[in-house]
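Architecture at a glance
Next come the chains, spelled out residue by residue.
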Amino acid sequence: MDNVRRLLILYGSQTGCAQEVAERIWRESKWLHYSGPVIAIDDYPVEKLIFEKKIIFVCSTTGQGDQPDNMKTTWKFLLRKNLPSNSLTNVEFAVLGLGDSSYVKFNHVAKKLYRRLIQLGGKPLCDIGLADDQHDIGAFAVIDPWIDNLWNVLTEKHPLTNGLMPLDRNSLPPPKWNVQCLSSNIPIHVNDKLPNNDLLKPNSTIVTCLSNTRTTAENHFQDVRLLKFEYSENSINYSPGDVLMVRPVNSETSVNTFFQLLNDNKNMKLNPTTILNVTQCSDDMPLPYNLSKQFTLYQCAKYYWDLNIIPNRYTFQLLSYFTDNELEKEKLMEFTTPEGQEELYNYCNRPRRTILEVLADFPHATANLSVEYLFEIFSPIRPRAFSIASAPSVHINEIHLLVAVVSYKTKLLAKRIGLCSTWLASLNIGDKIPVWIQKGTFQFPYSQSCNVIMIGPGTGVAPFRSFVYEAVTNKCGNAKTLHLYFGARNRLGDFHCVNDWEKLVADKKLSLFTAFSRDQDHKIYVQHILEQNEEELFKLLSNKECYVFVAGNAKDMPTAVKNVFINILTKNKHLNTIDMMETKGFYQTETWS
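Residues numbered from 1 in each chain as written. Predicted model: local features only at pLDDT ≥ 70, side-chain atom pairs only at ≥ 80, totals over all residues. Heavy atoms only, no water.

**Some details on the overall build of the protein chain**
The criterion, for reference: Runs of E in the DSSP output that reach at least two residues are strands. Runs of H or I that reach at least four are helices, and both are numbered from the N terminus. For the radius of gyration, the atom set is restricted to C-alpha positions; the globular benchmark scales as 2.2 Å times the number of residues to the power 0.38. To sort residues, take the accessible area from a 1.4 Å probe on protein chains only and compare it with the maximum for the residue type: under 20% means buried, over 50% means exposed, and anything in between is partly exposed.
On a plain count of helices and strands, the protein chain comes out with 19 helices and 22 strands. For the protein chain, whose C-alpha radius of gyration is 26 Å, the value lies close to the compact-globule estimate of 25 Å for 593 residues. Counting only C-alpha atoms and orienting by the principal axes, one finds that the protein chain spans roughly 80 × 60 × 50 Å. Expressed as a percentage of the 593 residues in the protein chain, the buried residues total 55%.

The structure is reproduced here in structure tokens:
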């Protein structure tokens, strides 16, 4: 292989987003005649890094600044103190990080990796990219321009030689995989909630729904469910703070819409029973296990592709290659330009328009799609993480989740719904689903001498239900040391798990402070209750072992709560700062958009 045109692309990905971006970079690299593998960081032999010339790293940050599971081994190796400072002298590299600025250690892994590669002698091709899920148009506000700049830099630093010309950037990049369509008359079992196929995550555990109870009043604006699942003994081990990973499936309504959209397709004569056989185009792009065996198009639409996802700029770029309608082409191309980003935001992100709705709006492009590119247009369903609300010592062989069902209106006619929460809310007693455990953000202490302050408005209270029950059962907490601040709209409307809290308070196992924002003329939030208890909080914080945990929506609450604690410590001239507490793990947050 021509080493000059080799480009190694490595990803550290927890839920699949960084992998998708890395694969896109791989496909686009073909425009500049690059070749080389795109693989998980830990799947590449780390001792060979020194022989590479150009490496692109795409990595996400999880939890409290942790690296994804599929880069942990390489990460440890790279951080060894005995590595020579000239190890990577011959390597040019670029780092793109995917993170969430509502977390303290925003893009911590990418930043640390970038610095470490420089310490080892690596030469950056371009500035580090720090994508942020909190941006209006999400991570792609950084990803798209960063990738564009990467190609410009590589073109300038490593121009093509020997008569090679760059391929047209406006031409269709090659597909990820070859897809063969085989006819079949396999009957489709629409009501089969757990099909025997490989499109679900391997090595997951099957749990059975025990109950699915609404915790909010019937007249409350939001539907929140307490779901209880049973698992067979020893099949699952978890601790408070861990999360349950769930991979949802699409609704029959969405699947039917998908097949209606395909009806007018000129290139694909497909129906739900069509069998797809997916194979590698290149050894550089390995086929995921999920797609390694044949499956029907129905199974793919139901269990693999996310039909509810909000498409990104790259999707519109791909669609522009397929349309034969000038007006469509013009509009699709406009969405891909820097000048068209505001219009794209107003069309797609602001109203939360789904991929199916976009395909319906661009019928000429949809009619010309080929089956290989369905795997480009549609992303795989990503697993969702839910804080576990049960305690292993108390709720034997059970796992509980507290799930807010996402449903809201935008300017679009149809309600916007959350794929996973709506699917979970539809489960009946006896239904079986595949799940797996992952370490969560929180690391809870178990000691009779430490104070624990928990702030968990809304469904943010879930991990604290797990911890409090476990701590009390193990005699590591009581009303003097366990302090829970809960916030909601109405005491009678959305006081989640009220019976649990009231019994724990009555048994003197917990101190509970509540803020119900709509139960009086003026709004009261958890931060206001914290301010009212300033004196008591300072006494707790003065203990050398005092932990603060904050969980809930990332919008305003975490910042407001943090400011209260900053003010308390500053006002009382405490030696500790929140920054110091965060560094030592005494102040931890778990937030979501």
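Past the structure itself, the notes keep going.
**Some remarks on the packing of aromatic side chains**
Rule in force here: Any two rings among Phe, Tyr and Trp, with Trp reduced to its six-membered ring, count as a pair given centres within 6.5 Å; such a pair is stacked if its planes are under 30 degrees apart, edge-to-face if over 60, and tilted if neither. In our convention, an over-ring charge means Lys NZ or Arg CZ found within 6 Å of a ring centre and within 35 degrees of that ring's normal.
This model, assessed by the stated rule, comprises 28 aromatic pairs. Taken together, Phe442, Phe444, Tyr446, Phe464, Phe467, Tyr547, Phe549 and Phe586 form an aromatic cluster joined through their ring pairs. The ring of Phe221 has Arg489 lying over it, and the distance from NZ or CZ to the ring centre is 4.3 Å.

**Here's the deal with the domain arrangement of the protein chain**
Which entries qualify depends on this criterion: Where each domain starts and ends comes from a domain assignment, either automatic or drawn from a database. By definition in these notes, contact holds between two residues if any of their heavy atoms fall within 4.5 Å. For any pair of parts, buried area is found by adding up, for both, the accessible area (1.4 Å probe) each one loses once the two are put together.
Per the domain assignment, the segments of the protein chain are domain 1 (8-157), domain 2 (174-312 + 354-440) and domain 3 (451-591). Placing the centre of domain 1 and that of domain 3 at their C-alpha centroids yields a distance of 37 Å. On the side of domain 3, seven residues touch domain 1, which itself brings five residues to the contact. Summed over both sides, the interface between domain 1 and domain 3 buries roughly 550 Å², with carbon and sulfur atoms accounting for 40% of that surface.

**Structural notes on the pattern of salt bridges**
Put simply, the rule is: For salt bridges, the criterion is a side-chain nitrogen of Lys or Arg within 4 Å of an Asp or Glu carboxyl oxygen.
All chains considered together, the criterion is met by 22 salt bridges. As a salt-bridge pair, Arg24 and Asp144 come within 2.9 Å of each other at their nearest N and O atoms. Highlighted residues: Arg24 in helix H1 (residues 17-29) and Asp144 in helix H4 (residues 140-157), separated in sequence by 120 residues. As a salt-bridge pair, Arg465 and Asp500 come within 2.9 Å of each other at their nearest N and O atoms. In this pair, Arg465 is assigned in helix H14 (residues 462-473) and Asp500 in helix H15 (residues 498-506), connecting sequence segments 35 residues apart. Through salt bridges with shared partners, a single ionic network connects Arg24, Glu28, Asp144, Asp148 and Arg313.

**A short note on the sheet that holds strand E14 (residues 398-404)**
As a reminder of what qualifies: At least two bridges found by DSSP between two strands are what make those strands a pair. Angles shown run from 0 to 180 degrees and are taken between the N-to-C directions of axes, each axis being a line fitted to C-alpha atoms and, for helices, limited to the stretch in contact.
Spatially, E13-E10-E17-E8-E9-E14 is the arrangement adopted by the six strands of the open sheet, whose pairing is antiparallel. This sheet does not close on itself; its edge strands, each paired only once, are strand E13 (384-387) and E14. Strand-to-strand twist of the sheet, defined as the mean angle between neighbouring strand axes without regard to direction, takes the value 40°. Pairing analysis gives six bridges linking strand E8 (residues 205-214) to strand E9 (residues 224-230), with the strands arranged antiparallel.

**Section: unusual backbone geometry**
Its identity as a non-glycine residue notwithstanding, Asn162 has a phi of 55°, on the positive side. The residue Asn162 is located in the loop between H4 and strand E7 (177-182) in this model. Taking the relative accessible area as the measure of exposure, Asn162 reaches 80% and is therefore exposed. For Asn397, which is not glycine, the phi dihedral falls at a positive 55°. Along the chain, the position of Asn397 falls in the loop between E13 and E14.

**With respect to the UniProt feature "domain: Flavodoxin-like" (unreviewed entry) in the protein chain**
The line we're drawing: UniProt positions are given in the numbering used here, feature names are shortened, and annotations may be inferred rather than shown by experiment.
When the UniProt feature table is mapped onto this chain numbering, "domain: Flavodoxin-like" (unreviewed entry) sits at residues 7-151. Span residues 7-151 is 30% helix and 20% strand, its end C-alpha atoms 12 Å apart.

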